[in-house]
Amino acid sequence: MRTRQSSNVALRDYHPAQTLLVKDVLQSLQRTPKQLSPMYFYDERGSQLFDQICELPEYYPTRTETRILEVHGDDIASRIGSNALLVEFGSGASQKTRLVLDRLPDLAAYVPVDISRSHLIAAAKSISTSYPGLEVLPVCADFTQSFALPKPASAPSRVVVFFPGSTIGNFDRDAAINLLRVMRKVAGPNGGLVIGVDLIKDIPTLERAYDDAAGVTAAFNLNVLRHLNREIGANFDLQSFRHEAKWAPDHNRIEMHLVSMRAQDVTIAGEKIHFAAGEHLVTEHCHKYSPNGFLSLAEASGWVGQEIWMDERRLFSVHYLESAVD
Ligand code: AVI
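My aim in this report is to walk through the structure given alongside it, one point at a time.

Considerations on unusual backbone geometry
Residue Thr 32 is joined to Pro 33 through a cis peptide bond whose omega torsion reads -10 degrees. Relative to the helices and strands, Pro 33 is located in the loop between helix 1 (18-29) and strand 3 (34-35). One non-glycine residue, Asn 83, adopts positive backbone phi at about 60 degrees. Structurally, Asn 83 is set in the loop between helix 4 (73-80) and strand 4 (85-89). When its relative accessible area of 26% is taken as the criterion, Asn 83 is described as partly exposed.

Listed below in structure tokens is the structure:
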């Protein structure tokens, strides 16, 4: 672990080493079907493209969840309670957090956790500037692995994990259970979890959200290849892959793929990876849940559901859960 002082925020840095990234990418590309972790979307450009996705007319989750947090913000804040330590997994630009922070003037501290170091530092500085009395303790980490929480100056009453955005949907069942258990461990015995979960709905609405008319999601998907070219010296030809997003009814999920438009070889760290013409590379799964479907997943992971808030059209849900008794 490295600690860096950057202006007014001290960053705890658990970012994985380069050799681990190369190993992970090669192993994922040697599987059938080939796949890549969605974690690799989020370099500087990927994070910017994702911010653009959130503004798209077709991408309903962000504005719907924001509306739920606005309408039910007071209830959510009272569930979190006084003097809590708020730990946000995958904090990104920390935009939605502001809706919660505005209603929690007596928070013990805010801990944003993200893999994208530059985004994390920028967001932590911006939150510190907007909330001068709030202690902000950023952690750069792959949050799927357990990590140590920084100690705030004032002892918190409890730990509450905040995980908006329906990123839980990007994890397959076992990985989702594993992540919810990591959250349970981080939150401890008296802990809470406020989590955004996208809901199952009609297929055209879902497919349009992941294949927008302006092509921003296509650019976001292809950018993962550019990221690997730069980060680990791969030589993907971006012109030779196309974006695809389809609903997979057996799994209740949108699948984002990159399809190889010709037979081609790609070299990564001296290893040659062959793509057949028409071969699919799976870049992301976006699982959608019913309210009860998500509750049973959470209950299998050590959480007990307490309250669910939804918009009038039932597009999106925000759950509040508490740690189950050990
Ligand atoms: C981050 N995550 C919740 C987004 C989603 O909707 O699954 C990622 C995304 N991929 C394409 N568009 C948005």
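Still more to cover.
What to know about the pairing of strand 11 (residues 264-268)
Here strand 11 shows a buried face lined by Gln 264, Val 266 and Ile 268 and an unburied face lined by Asp 265 and Thr 267. Sheet topology places strand 11 next to strand 12 (residues 271-275); 5 bridges connect them, and they run antiparallel. Across the sheet, the residue bridging to Thr 267 is Lys 272, located in strand 12.

Examining the packing of aromatic side chains
One pair of aromatic rings is described through two measures. These are the centre distance and the angle between the planes. Evaluation of the coordinates by the stated rule reveals 14 aromatic pairs. Here the aromatic rings of Phe 241 and Phe 275 are separated by 5.2 Å at their centres, their planes lie at 85 degrees, and the arrangement is edge-to-face. On the criterion of sequence distance, the pair formed by Phe 241 in strand 9 (residues 241-248) and Phe 275 in strand 12 is long-range, its members being 34 residues apart. Taking the relative accessible area as the measure of exposure, Phe 241 reaches 3% and is therefore buried. Its relative accessible area of 0% is what places Phe 275 among the buried residues. Each member of the aromatic cluster is reached from another via a ring pair, and the members are Phe 41, Tyr 42, Phe 50 and Phe 220.

Concerning the site of the ligand
The full set close to the ligand counts 14 residues, and Tyr 59, Gly 165, Asn 170, Tyr 210 and Glu 284 are the nearest of them. Calculation on the ligand without its partners gives an accessible area of 340 Å², and the protein chains cover 96% of this total. Per-class residue counts for the shell around the ligand are 8 nonpolar, 5 polar and 1 charged.

Looking at the nonpolar core
Judged by nonpolar contacts, the single largest core of 40 residues is most densely connected at Leu 225, Phe 236 and Ile 268. Per-element accounting of this core gives the leading share, 7 residues, to helix 9 (residues 216-232). Not counting chain neighbours up to four residues away, the residues in contact with Phe 236 comprise Leu 29, Leu 225, Leu 228, Asn 229, Phe 241, Val 266, Ile 268 and Phe 275. Core analysis: the second largest hydrophobic core is formed by 34 residues, Ala 109, Phe 163, Ile 195 and Trp 303 among them.

Notes on helix 9
When the terminal C-alpha atoms of helix 9 are compared, their 24 Å separation across 17 residues agrees well with the 24 Å that a helix rising 1.5 Å per residue should span. Approximately 30 degrees is the largest bend angle found in helix 9, and it occurs at Leu 222. Most of helix 9 sits inside the fold, with 12 of its 17 residues counted as buried. Trailing helix 9 by a residue or two, Gly 233 shows a phi angle of about 65 degrees, which is positive.

The rules behind these values
- Residues numbered from 1 in each chain as written.
- Predicted model: local features only at pLDDT ≥ 70, side-chain atom pairs only at ≥ 80, totals over all residues.
- Heavy atoms only, no water.
- Helix = DSSP H or I, 4+ residues; strand = E, 2+ residues; numbered from the N terminus.
- Buried < 20%, exposed > 50% of the residue type's maximum accessible area, 1.4 Å probe, protein only.
- Pairing = 2+ DSSP bridges.
- Phe/Tyr/Trp six-rings, centres within 6.5 Å; stacked < 30°, edge-to-face > 60°.
- Near = heavy atom within 4 Å.
- Areas by Shrake-Rupley, 256 points an atom, 1.4 Å probe, with all protein chains shown as cover.
- Nonpolar A, V, L, I, M, F, W, Y, C, P; charged D, E, K, R; others polar.
- Core = buried A, V, L, I, M, F, W, Y, C linked by side-chain atoms within 4.5 Å.
- Contact = heavy atoms within 4.5 Å.
- Expected span 1.5 Å × (residues − 1).
- Bend = angle between axes of the 7 residues up to and from the residue.

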